[in-house]
Amino acid sequence: MQQVQIKSRLVLFSMVAVAVLSVSCWNPFAPPTHRPDNDTELSVKPRTTPENVINNLIYAMNNRDIEVFEDCLDEDYWYRNPDVYPDDPEYCSDLNKDDEVTNIRRLFNLDPGFSYPLGSGFQVIQFTFYHGNPRIELGENAPDIHPDEDWVVFEGTVNVYLYHDESKEHGFYVNQTMIFKLREDSEGYWVIVRWIDVIPQ
């Protein structure tokens, strides 16, 4: 089951890319017409606020820093996305922390023993997250079970450019809505407890 979960998460970006392509007719192997503004260099911040964790997540994705990425996740972290193929018995839409870290390590091209389904891994990742003010998910009314605490929820648009090489000439573009839910851990630091992908319709 773990191999199936990891495979499902690995191909998610490509599935979303296909969904985007069907709408926008963007050629995934052509140079992008727009690139994120990376003039502002992010640095890792202490996880004392939810905003700092989101900052660290963006830093980790752009710098392919697996240690910072793992540090952003709660021990009870769960990734969710809607069932894309609900009738496929091998499709699994949920990942726990260990599976997610393994998956992202492979996305970062840091697992030399792994053969990426789409060919070579990604040498360059450009990840941006555009969101408004976070909202509070009250524990007593939450869709997830956390009656004793309130969570902070960020929802917005994630743009991801995934390049196979440093030339940035071949790769994929992803644009979709994502939701990040954060809580305080037992030591008073903020962590991501849920990552929810909203698949474009």
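Residues numbered from 1 in each chain as written. Predicted model: local features only at pLDDT ≥ 70, side-chain atom pairs only at ≥ 80, totals over all residues. Heavy atoms only, no water.

Asker: Go over the overall build of the protein chain, please, and point to the residues and values.
Answerer: Counting its secondary structure elements, the protein chain contains 4 helices and 7 strands. N-terminal to C-terminal, the α/β element order of the protein chain is α-α-α-β-β-α-β-β-β-β-β. The 201 residues of the protein chain split such that 49% are buried. The contacts of the protein chain with a sequence gap of at least 6 include a subset with a gap of at least 24, amounting to 61%. Working note: accessible area of the protein chain is about 10,500 Å², and carbon and sulfur atoms make up 48% of it. (Helix = DSSP H or I, 4+ residues; strand = E, 2+ residues; numbered from the N terminus. Buried < 20%, exposed > 50% of the residue type's maximum accessible area, 1.4 Å probe, protein only. Contact = heavy atoms within 4.5 Å. Areas by Shrake-Rupley, 256 points an atom, 1.4 Å probe, with all protein chains shown as cover.)

Asker: Pulling in residues and values, what's your account of the side chain of Asn52?
Answerer: Inspection of the secondary structure puts Asn52 in helix α2 (residues 50-63). A relative accessible area of 13% means that Asn52 is categorised as buried.

Asker: Could you give me a rundown of the packing of aromatic side chains, with the residues and numbers involved?
Answerer: Applying the stated criterion across every chain yields a total of 7 aromatic pairs. Ring centres of Phe122 and Phe172 lie 6.3 Å apart, and the angle between their planes is 85°; on these two criteria the pair is classed as edge-to-face. Note that Phe122 is positioned in the loop between α4 (97-107) and β3 (124-131) and Phe172 in strand β6 (residues 171-184), a separation of 50 residues in sequence. By relative accessible area, which is 1% here, Phe122 ends up buried. (Phe/Tyr/Trp six-rings, centres within 6.5 Å; stacked < 30°, edge-to-face > 60°.)

Asker: Any details on the side chain of Arg106? Residues and values, ideally.
Answerer: Topologically, Arg106 is positioned in helix α4. Overall, Arg106 belongs to the buried group, its relative accessible area being 14%.

Asker: I'd like a description of the pairing of strand β5 (residues 151-163), backed by residues and values.
Answerer: The element β5 is largely enclosed, with a buried count of 11 among its 13 residues. Alignment of β3 against β5, held across 8 bridges, turns out to be antiparallel. Residue Ile125 lies in a different strand from β5, and its bridge partner there is Leu162. In terms of strand pairing, strand β4 (residues 135-137) meets β5 through 3 bridges, oriented antiparallel. From the neighbouring strand, Glu137 faces β5, where its bridge partner is Trp151. Where β5 meets β6, 12 bridges bridge the pair, whose relative direction is antiparallel. For Val158, the partnering residue across the bridge sits in β6 and is Gln176. (Pairing = 2+ DSSP bridges.)

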